[in-house]
Amino acid sequence: EVGELHYNIGLQLVKDISPSNFPTGKESFVAIDQINKASSSVYFTDLSFRNHLATLNLKAGERLIETAESSSALVYLQHGIRHLGRDGWEENYELCLKLYESACQACYLNGFVNRVVFYAEEIDKHTTDFMRRVKAVWILIQTLGSSGKPEMAIEKAFSALRELGEEFPEGVTEADIFSTLSSTKALLSTYTKEMILNAPKLRDERKQWAIKIMDNISPFLFQINPVYLPIFGCRTVHISLSHGFCRDSWFGFLSYAHSVVSILADIDEGYRWAKIAGFIIDRFNAKSLLPRFKCVINGGVNFWKEPLQSTASALTESSKEAIAIGDVEYVMYGSSLSCVQNLLCGNKLSTLEKDIAVTVSGMVRMNQAYFLFSQLSLQKAVYTLTGIKNDPFDIKFASMKNETDVISAFSATRPFLVQGVYFNIIFTAVLFRRFDEVSEVAEKYLSFGQQKSRLQDLFLVFFQGLAAFHMFRHQGRDTKWLRIGESSMRQLQLWAGHSSWNFDNKFFLLEAESHFSKGEYDRAEMKYLSAIKSSRTHRFLHEEGLSLELLSSFYEACEREDDQRNHLSRAIQCYKEWGALGLLNDSRFAGLV
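Residues numbered from 1 in each chain as written. Predicted model: local features only at pLDDT ≥ 70, side-chain atom pairs only at ≥ 80, totals over all residues. Heavy atoms only, no water.

> Looking at this model, I keep getting lost on the layout of surface pockets. Mind explaining?
Any empty space left between atoms is shown by rolling a water-sized probe over those atoms. In this structure, the largest pocket occupies an estimated 1000 Å³ of space. In terms of lining, the largest pocket is formed by 48 residues, of which the most central are F222, H258, F416, S453 and R454. Of the residues contributing to the lining of the largest pocket, the split by class is 25 nonpolar, 19 polar and 4 charged. If you go around the second largest pocket, you meet 28 residues; those closest to its centre are Q105, K135, W138, K212 and R247. Taken together, the elements giving at least two residues each to the lining of the second largest pocket come down to α3 (47-66), α6 (93-110), α8 (130-146) and α12 (205-224). Residue classes in the lining of the second largest pocket are distributed as 9 nonpolar, 6 polar and 13 charged. (1 Å grid on protein atoms, 1.4 Å probe; cavity = no way out; pocket = protein on both sides within 12 Å on 5 of 7 lines; lining within 4 Å. Points joined across faces, edges and corners; volume = space filled by probe spheres on them. Nonpolar A, V, L, I, M, F, W, Y, C, P; charged D, E, K, R; others polar. Helix = DSSP H or I, 4+ residues; strand = E, 2+ residues; numbered from the N terminus.)

Structure representation (structure tokens):
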């Protein structure tokens, strides 16, 4: 009786709802809900009516996915599949395919990995034409990558690209990368921004999906096999120039721009093409892609030219915008990059500690295992600096129980993850002035390659320089340390030419340490003071504290006791303001805090 009541109410409500013009109000959902409740006790025998109900549930599910209500969307999509019944694939193939595709997407957004695999396999089972199942494959790739199975995602992506006619070599050499980048750079030198923005649109569906999949897999390749990123970027550029542009062409141009900066070391050229990538998004009015664009450009390019505080803030905003549109992968990616940059630009540790906790909680809730371990390592560094005694690895979701486990498990397969863990150890060691540890761990970091593709790579150069000058002065004045320190100093001088805001203070501090190491005390003092002033002007609070502390050590060596105490006291105030109470518990501050 209850089922019949729901049926009669729902029947009156749904008869005027057209799938082709699905209403935006709540009334349509109420109507569909009544019929769905009836379906548990009333079997609808009329095929056309069942198809109508399934279509309405599909439209409801699609609408809810668009508004980032993926949990509710899945309920409607499952009802739609149920209305079609066991013969749905034979009786209404197109509708069944759309329901399974959308259910696959809703499960991905909810972090239901096994359900994504189930729906994708069902589509694969009933579809021989790859182009009919490519969307499900695309969703499966995203799911595998973000749920801690990036190797499987990459394998699936390369298989899909072969199906689409895009072949790639099994091994990519350094010569291949330079050759591909150089030829692409030469090609693009003949194009202006206006030519790019007025170029034809891409009509070939196979090429569109190839670009989308290369975009899709790139964040995971960046961590595991980054040599393919410039190849993917250049391939997308060539497809776009030869066949036309699509809304996803932006990622290839931005990948190319990132490679020009990090591999060819042409910062101005790379920065210019990164901005043009943003104009490609504008051309297609693809607002849903803006969170991704902001994440990638601020996480990989803009910090070479723009204030780090600005890029960190933009990353935080990109993560919030990704939440609003249900882009799970880039919610986590943006949040991870935001936390790293907020640490490196010296924002308050108390705020950062809360942001990291929220990010870790989200990763666990959304089953985003891929980013989790580097975030737990970052959380440990912040806990150490703030004096919090909690163990970040003590959560059920984490199969690794400490950083050593992470390094041991992933050294052979995920070098960028391991480098991220090493970097967090180095960052903490610098602040605690354990410079022998900095040098030791830096060698391990560099054993995976000396790329300059991430902000951490740049900061490593700075930290390695500080450690080298310290080792020179305190370990027998071995000139090898002086060479390392001066090499780091030259790098910072070059980068400061592109962003005085981000790099001047670091360059000045390395200059000061160099002069100190060579006994050039007057010049050393002047550069220490310049580093302090630049750090304060450009809002690097923690580096102002570090510069004050190193100047204090310099004054101690010069036997200027009053100056030593005064500047150490000022360093302590900076560390307090930063929130580094755990750092101030270090023995070198005993009796001073």
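Back to the text.
> Where do I start with the packing of aromatic side chains in this structure?
Each aromatic ring pair is specified by the distance between its two centres and by the angle formed by the two planes. Under the criterion given, the structure shown has 32 aromatic pairs. Look at F427 and F463: their rings are 5.9 Å apart centre to centre, the planes differ by 65°, and that puts the pair in the edge-to-face class. Placement of the pair is F427 in helix α22 (residues 415-431) and F463 in helix α24 (residues 455-474), with a sequence separation of 36 residues. Taking the relative accessible area as the measure of exposure, F463 reaches 3% and is therefore buried. Taking the centre distance of 5.6 Å and the plane angle of 90° together, the rings of Y521 and F554 count as edge-to-face. Note that Y521 is positioned in helix α27 (residues 521-537) and F554 in helix α28 (residues 541-557), a separation of 33 residues in sequence. Stacked on the ring of F168, the Lys or Arg R235 has its end atom at 4.1 Å from the ring centre. (Phe/Tyr/Trp six-rings, centres within 6.5 Å; stacked < 30°, edge-to-face > 60°. Buried < 20%, exposed > 50% of the residue type's maximum accessible area, 1.4 Å probe, protein only. Lys NZ or Arg CZ within 6 Å of the ring centre and 35° of its normal.)

> Would you mind going over unusual backbone geometry with me for this structure?
In this structure, R433 takes a positive phi of about 60° despite not being glycine. Among the secondary structure elements, R433 is positioned in the loop between α22 and α23 (435-446). Classification of R433 by relative accessible area gives partly exposed; the value is 23%. Non-glycine residue R539 carries a positive phi angle of around 65°. With respect to the helices, strands and loops of the structure, R539 is situated in the loop between α27 and α28.

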